[in-house]
Amino acid sequence: MLFAEKADYPGHHDSAGIPMLDYHGRIGLQYNPIAIAQWGLGNYNLFCQGQSNQRKKKFLAASDWLCAHLEPNSLGSWVWNHHFDWEYRSPLKAPWYSALAQGQGISLLVRAYSETGTATYLDAAERAFTSFLKSTSEGGVTFTDARSNLWFEEYIVSPPTHILNGFIWAAWGVYDYFLATESSVARDLFVQAVLTLRANLDGYDLGFWSLYEQSGTLLPMVASPFYHRLHIVQLRVMHRLSGDEMFARFADKWEAYARSHAKRTRALCYKSAFKLGYY
């Protein structure tokens with residue numbers, strides 16, 4: 001799954017060329033580790049397609065930023081913190097961290113190591129990977145539910161919300177770490193993630209659209225059209241990685257939902273009602 005569209009971020013950059021997102025208001029300009037990792041991955045994609053060495057400089061600049069800003073949280077796990085408050089249904093207070101940031105940071109760093117052989121990148125990836133070996137209550141990013149399903153949580157809240165796209169992206173970071181290191185622990189974690197997705201994917205299917213998360217709210221949090229399309233792409237990649245035909249079947253079904261005007265309209269109504277009720 002390519003990030004080339006993220007390579008030329010049109011917003012603010014700091015003096016080192018690192019993107020800063022403008023959240024406006026009291027939050028203002030902030031570094032977002034996820035956005036920086038995606039910017040780096042996009043430039044890596046374009047560099048691999050034969051574009052100039054300027055692309056290499058940018059993806060290594062993102063990698064260097066990730067190395068410099070990986071830090072232990074209050075429970076000793078090495079994470080990329082977000083140093084701003086974020087309004088979720090359980091507001092996230094700075095500093096907060098995310099399995100999505102951990103996974104995508106690892107995905108970039110192992111590519112930087114593969115390209116350069118610089119051990120600093122692999123060392124940082126190894127430290128970040130340890131967050132997947134701890135539960136959210138221990139300062140990590142994993143949660144094991146009552147049915148022994150292992151989840152990677154995009155937002156660390158209680159009860160957990162199991163955001164679908166974030167879980168899958170985090171799982172790809174684990175998979176990339178396995179490819180780079182041949183770690184049996186990483187391989188087993190990815191296999192557990194595949195089993196979790198397989199066992200729970202039906203719970204994200206409303207019969208007319210996909211869910212963004214398992215919110216536990218009276219009204220379900222329906223995916224936006226963007227995230228619904230993203231889910232489809234992610235499931236097709238999961239099919240390629242795992243060989244499990246179930247992921248392809250759900251991708252086909254969700255594509256059919258997106259082609260239906262009636263289902264798109266119904267999803268929009270659900271999404272609007274959810275925002276009115278919970279935001």
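Colleague: In this structure, what is going on with the overall build of the protein? I would like to understand it.
Modeller: When you go through the protein residue by residue, the secondary structure sums to nine helices and six strands. At 19 Å, the protein has a C-alpha radius of gyration in line with the 19 Å of a compact globule built from 279 residues. In terms of its C-alpha atoms, the protein occupies a principal-axis envelope of roughly 50 × 45 × 40 Å. Here the protein holds 279 residues, and the buried ones make up 51% of them.

Colleague: I'm lost on the packing of aromatic side chains in this one. Help?
Modeller: Any two aromatic rings considered together are summarised by their centre-to-centre distance and by the angle between their planes. By the definition in use, this model includes 21 aromatic pairs. Measuring from ring centre to ring centre gives 5.1 Å for Tyr44 and Phe59, while their planes differ by 85°; the resulting arrangement is edge-to-face. One end of the pair, Tyr44, is in helix 1 (residues 33–48); the other, Phe59, is in helix 2 (residues 53–69), with 15 residues separating them in the sequence. For the pair shown, Tyr44 and Phe59 are each scored as buried. Consider the rings of Phe47 and Phe59, whose centres lie 6.0 Å apart with planes at 45°: the pair is tilted.

Colleague: I keep staring at the environment of Trp254 and nothing clicks. Help me out?
Modeller: Within the secondary structure, Trp254 sits in helix 8 (residues 245–259). Sequence spacing of Trp254 and Phe208 is 46 residues, and the spatial spacing of their C-alpha atoms is 7.9 Å. Once you skip the residues sitting within four places of it in the chain, Trp254 turns out to touch Leu164, Leu201, Tyr204, Asp205, Ser210, His228, His231, Ile232 and Leu235.

Colleague: I'm lost on helix 8 in this one. Help?
Modeller: Each α-helix turn comprises 3.6 residues. Residues three or four places apart therefore point the same way. Relative to the 21 Å expected for 15 residues at 1.5 Å per residue, helix 8 spans 21 Å between its end C-alpha atoms, a close match to the ideal helical length. Looking at the buried residues of helix 8, the elements they touch are helix 5 (164–181), helix 6 (184–200), helix 7 (225–242) and helix 9 (261–278). Where helix 8 begins, one side-chain oxygen reaches toward the backbone nitrogen of Met246, 2.9 Å away; that side chain belongs to Asp244.

Colleague: How do you make sense of the pattern of salt bridges when you look at a structure like this?
Modeller: Should the charged atoms of two oppositely charged side chains come close, the side chains can pair. One pass over the full model with this rule turns up 10 salt bridges. For Glu115, the salt bridge is made with Lys56, and the minimal N-O distance between the two is 3.9 Å. You can see Glu115 sitting in helix 3 (residues 99–116) and its partner Lys56 sitting in helix 2, a full 59 residues away along the chain. Owing to a relative accessible area of 26%, Lys56 belongs among the partly exposed residues under this scheme. Two residues, Glu255 and Arg236, come together in a salt bridge whose shortest N-O distance is 3.1 Å. Of the two residues, Glu255 is situated in helix 8 and Arg236 in helix 7; the sequence distance between them amounts to 19 residues. With relative accessibility at 28%, the residue Arg236 sits in the partly exposed group. One salt-bridge network, in which partners are shared between bridges, spans Arg236, Asp252 and Glu255.

Colleague: Looking at this structure, I do not really get the packing of helix 2 against helix 3. What am I missing?
Modeller: With their axes 10 Å apart at the nearest point, helix 2 and helix 3 run at an angle of 120° to one another. By the angle between their directions, the pair helix 2 and helix 3 is classed as oblique. Handedness of the helix 2/helix 3 crossing: left-handed. Across from Lys56, Phe59, Leu60, Ala62, Ser63, Leu66 and Cys67 in helix 2, the residues of helix 3 making contact are Gly105, Leu108, Leu109, Ala112, Glu115 and Thr116. A class-by-class count of the residues in the contact of helix 2 with helix 3 yields eight nonpolar, three polar and two charged.

Colleague: Is there a simple way to explain the nonpolar core in this structure?
Modeller: General note: in soluble globular proteins, nonpolar side chains tend to be found buried as a group. Phe132, Phe152, Leu197 and Trp254 are the most contacted members of the largest nonpolar core, which totals 83 residues. Element by element, the count of residues in this core is highest for helix 5, at 10 residues.

The rules behind the values
Throughout this description, residue numbers start from 1 for each chain and increase along the sequence as written. The predicted origin of the model limits local features to residues at a pLDDT of at least 70 and limits the giving and counting of side-chain atom pairs to 80 or more, whereas totals for whole chains, interfaces and linings rest on all residues. As a rule here, side-chain values cover all heavy atoms of the structure and leave hydrogens and water aside. For helices the rule is a DSSP run of H or I covering at least 4 residues; for strands it is a run of E covering at least 2, with both sets numbered from the N terminus onward. Radius of gyration here is computed from C-alpha atoms only, and the compact-globule reference equals 2.2 Å multiplied by the residue count raised to the power 0.38. Buried residues are those whose accessible area, probed at 1.4 Å on protein chains only, stays under 20% of the maximum for their type, while exposed residues exceed 50% and partly exposed ones sit between those limits. Classification of ring pairs rests on two measures: the distance between centres of Phe, Tyr or Trp rings, Trp counted by its six-membered ring, which must be within 6.5 Å, and the angle between planes, read as stacked under 30 degrees, edge-to-face over 60 and tilted in between. Pairs of residues are marked as contacts when any of their non-hydrogen atoms sit within 4.5 Å. Expected span of a helix: the number of residues minus one, times 1.5 Å. N or O atoms within 3.5 Å of each other form a polar contact, as long as, within protein, one can give a hydrogen and the other can take it, and as long as residues adjacent in sequence are counted only when both atoms are side-chain atoms. A pairing counts as a salt bridge when a side-chain nitrogen of Lys or Arg comes within 4 Å of a carboxyl oxygen of Asp or Glu. Where helices are involved, their axes are fitted lines through C-alpha atoms of the stretch in contact, as for all axes, and angles between N-to-C directions lie from 0 to 180°. For this classification, under 35 degrees means roughly parallel, over 145 means roughly antiparallel, 65 to 115 means roughly perpendicular, and everything else is oblique. Whether a crossing is left-handed or right-handed is set by the direction in which the near helix is turned from the far one by less than a right angle, anticlockwise for left-handed and clockwise for right-handed. Side-chain classes are defined by residue name, with Ala, Val, Leu, Ile, Met, Phe, Trp, Tyr, Cys and Pro counting as nonpolar, Asp, Glu, Lys and Arg as charged, and the others, Gly among them, as polar. Think of a nonpolar core as a cluster: buried Ala, Val, Leu, Ile, Met, Phe, Trp, Tyr and Cys residues, connected wherever their side-chain atoms sit within 4.5 Å.

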